[in-house]
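Okay, here's what each chain looks like letter by letter:
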Amino acid sequence: MTDFNSRKFCELIVYIAKRLGPEAALGRVKLAKLLMWSDFGAFARLGKSISGATYEKWEHGHLPNQLLLAERDLLASGDIASELVDYYGKGLKHITARRNPDLSEFSEEELAVVEGAIRRYGHESAAYLSELSHHEVGWRLARMKEVIPYTTVFLGAGGVADGDIRRGEELASLHGW
């Protein structure tokens, strides 16, 4: 398991915000999903996540529990900005980067995974990405506010039967997991 790297996590936020223009409407929900697909995608492809962030199950999908503090620190330092904009009649706190990201700690493979997530999901709506994340097996198996293990990425997109979930819960209870 990758230890959490706060600096790398913050640079990943700056990178995503720099790569997506205003037309992408980058708010916190979309940012959380792009971080998740970057980290979980890297875990699947490279055997370790990029940032080591801890993702939990929340109403709108996977949420890295370090995001709010990182966002606060990046806003305070002026590295990112958040502007309230009209998004189809609703208010959206659009996140933009105020500087270029420091990519010195990222491997080419990690950046390729992030680029793939940005290309695939960067211009989708937050509502669509939230719904899409609800189909991830890890999100479906977790309880609200429970950590979603990176290893769930290997469970695939196939359905999980209710009986399998009950049996997993029985085994977890039996073995103290």
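First, a word on what this report is: a plain description of the structure on this page. (Residues numbered from 1 in each chain as written. Predicted model: local features only at pLDDT ≥ 70, side-chain atom pairs only at ≥ 80, totals over all residues. Heavy atoms only, no water.)

**With respect to the side chain of Asp 39**
Then comes step 1: Secondary-structure assignment places Asp 39 in helix 2 (residues 28-46).
Then comes step 2: Salt bridges are absent for the buried Asp 39, whose nearest opposite-charge side chain, Lys 8, sits at 8.0 Å.
Then comes step 3: The contacts of Asp 39, once residues within four sequence positions are left out, are Ser 49, Ile 50, Ser 51, Gly 52, Ala 53, Tyr 55 and Tyr 150. (Helix = DSSP H or I, 4+ residues; strand = E, 2+ residues; numbered from the N terminus. Buried < 20%, exposed > 50% of the residue type's maximum accessible area, 1.4 Å probe, protein only. Lys, Arg positive; Asp, Glu negative; His and termini not counted. Salt bridge = Lys/Arg side-chain N within 4 Å of Asp/Glu carboxyl O. Contact = heavy atoms within 4.5 Å.)

**Digging into helix 2**
Then comes step 1: Between its first and last C-alpha, helix 2 extends 26 Å over 19 residues, near the 27 Å set by a 1.5 Å rise per residue.
Then comes step 2: Within two residues after helix 2, Gly 47 carries a phi angle of roughly 90 degrees, on the positive side. (Expected span 1.5 Å × (residues − 1).)

**A closer look at the packing of helix 1 (residues 6-19) against helix 4 (residues 108-121)**
Then comes step 1: With their axes 11 Å apart at the nearest point, helix 1 and helix 4 run at an angle of 45 degrees to one another. By the angle between their axes, helix 1 is oblique relative to helix 4. Seen along the crossing, helix 1 lies across helix 4 with a hand that is right-handed. Across the interface between the two elements, Lys 8, Leu 12, Tyr 15, Ile 16 and Arg 19 of helix 1 pack against Glu 110, Leu 111, Val 114, Glu 115 and Ile 118 of helix 4.
Then comes step 2: Looking at side-chain class alone, the contact of helix 1 with helix 4 contains six nonpolar, no polar and four charged residues. (Axes fitted to C-alpha atoms, helices over the stretch in contact; angles between N-to-C directions. Parallel < 35°, antiparallel > 145°, perpendicular 65-115°, else oblique. Left-handed = near helix turned anticlockwise from the far one by under 90°. Nonpolar A, V, L, I, M, F, W, Y, C, P; charged D, E, K, R; others polar.)

**Focus on the pairing of strand 3 (residues 80-87)**
Then comes step 1: Relative to strand 4 (residues 90-97), strand 3 runs antiparallel, the two sharing eight bridges. Residue Asp 86 lies in a different strand from strand 4, and its bridge partner there is Gly 91.
Then comes step 2: What sits between the antiparallel neighbours strand 3 and strand 4 is a turn of two residues, in which Tyr 88 has the positive phi angle 50 degrees. (Pairing = 2+ DSSP bridges.)

**Section: unusual backbone geometry**
Then comes step 1: Even without a glycine there, the phi angle at Ala 25 is positive, about 50 degrees.
Then comes step 2: If you trace the backbone, Ala 25 turns up in the loop between helix 1 and helix 2.
Then comes step 3: Overall, Ala 25 belongs to the buried group, its relative accessible area being 10%.
Then comes step 4: The phi dihedral of Lys 145 is positive, around 65 degrees, even though this residue is not glycine.
Then comes step 5: One can find Lys 145 in the loop between helix 6 (137-141) and helix 7 (162-175).
Then comes step 6: Classification of Lys 145 by relative accessible area gives exposed; the value is 54%.

**Structural notes on the environment of Ile 118**
Then comes step 1: On the secondary structure map, Ile 118 appears in helix 4.
Then comes step 2: Separated by 102 residues in sequence, Ile 118 and Ile 16 have C-alpha atoms that sit 7.5 Å apart.
Then comes step 3: Aside from chain neighbours lying at most four places away, what touches Ile 118 is Tyr 15, Ile 16, Arg 19, Leu 20, Leu 34 and His 123.

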